[in-house]
Amino acid sequence: MPLPDILPQRVALICSVLLGGCSVYTPTIPSTPLVQKGEVEAYAGVRGLMSSAEVGAAWSPVNHVMLTTEAAVRLVNADDSSPSQNRQLNLGAGVYQRFNGTVPMHVALVGGVGHATSDVRNGNISSPGFARYQATYSRYYAQGYVAFFGEEAGWLNGGVSCRATWVDYDKLRRNDQPVTPATTFYLEPTVFMRFGQGALQSQLSIGSSLPNARLNGDPADKYLDARNTLIGYGLIFRPGQLPRRSR
């Protein structure tokens with residue numbers, strides 16, 4: 001195949017990976033809050049090369065229990081073929097335990113539910129093979145994560161997370177015709193690094209969203225069972241760590 005034909009395909013593939021991909025089911029970066037009793041933590045960041053904006057928050061009302069929320073909206077496309085949209089909101093609850101040993105460790109389990117809408121288009125409406133996917137779905141997830149080098153250890157935290165997500169489509173259409181999803185289960189492992197101390201910190205997360213099956217032979221249906229690269233970076237705000245004025 002001539003180089004001019006190969007190069008655009010490779011560039012599009014690289015851009016798609018870096019931008020976070022474009023699929024009907026759109027994953028979010030699994031949140032990994034490190035709160036303790038009475039603490040609040042808020043996150044704001046982007047996924048890929050600013051393909052999606054994501055925000056989240058966590059609060060621990062009592063020891064070993066936390067409540068979480070996540071929201072995301074797609075900002076740009078993986079390519080410039082046509083506009084695609086995704087909006088979602090997730091709510092969760094979990095338990096955690098802090099271990100203050102030689103290497104401080106924070107272990108947490110979280111479960112949650114969310115709702116999303118997607119409008120994904122494959123190419124321009126006048127191009128051959130054009131397909132438009134419209135969906136609304138609920139998602140149910142269970143997640144476990146471990147963070148090492150907690151606040152007691154200083155400036156750097158890091159850890160691993162794994163989320164299992166089940167997707168339940170309320171509506172899924174391709175060109176206004178009902179279509180059966182290729183997969184409804186995704187495994188989403190990530191690693192994360194948190195930098196800084198005090199009220200304002202930063203975090204980098206890298207991982208994947210992996211479908212349990214890829215059943216569709218039609219190239220246009222890649223949007224129904226896509227593998228997504230998860231690269232997220234943003235800021236974490238911990239209001240309880242703000243300096244307090246002395247009376």
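Quick summary incoming for the structure in this document. Keep in mind that this is a model prediction, so the values were computed, not measured.

### Points about the pattern of salt bridges
- In total, this model carries seven salt bridges according to the counting rule given.
- Measuring nitrogen to oxygen at the nearest pair gives 2.9 Å for the salt bridge that ties R163 to E70. Pair noted here: R163 is in strand β7 (residues 156–174) and E70 is in strand β3 (residues 65–74), with a separation of 93 residues, a long-range link. Grouping residues by exposure puts R163 and E70 together as buried.

### Description of the side chain of H106
- Mapped onto the elements of the fold, H106 is located in strand β5 (residues 105–122).
- What makes H106 buried here is its relative accessible area of 2%.
- Among the polar contacts listed, one links the side chain of H106 to the side chain of R98, at a separation of 3.0 Å.
- Those residues in contact with H106, other than ones at most four positions away along the chain, are P33, L34, V35, Y96, Q97, R98, Y145, V146 and A147.

### Describing the environment of V113
- Within the element layout of this structure, V113 appears in strand β5.
- Among the residues examined, V113 registers a relative accessible area of 38% and is labelled partly exposed.
- Taking the C-alpha atoms as reference, V113 lies 5.6 Å from N90; in sequence the two are 23 residues apart.
- Setting aside residues no more than four positions away along its own chain, V113 makes contact with L89, N90, L91, R139, Y140 and Y141.

Rules and cut-offs
Residues numbered from 1 in each chain as written. Predicted model: local features only at pLDDT ≥ 70, side-chain atom pairs only at ≥ 80, totals over all residues. Heavy atoms only, no water. Salt bridge = Lys/Arg side-chain N within 4 Å of Asp/Glu carboxyl O. Helix = DSSP H or I, 4+ residues; strand = E, 2+ residues; numbered from the N terminus. Buried < 20%, exposed > 50% of the residue type's maximum accessible area, 1.4 Å probe, protein only. Polar contact = N/O pair within 3.5 Å; in protein donor to acceptor, adjacent residues only side chain to side chain. Contact = heavy atoms within 4.5 Å.

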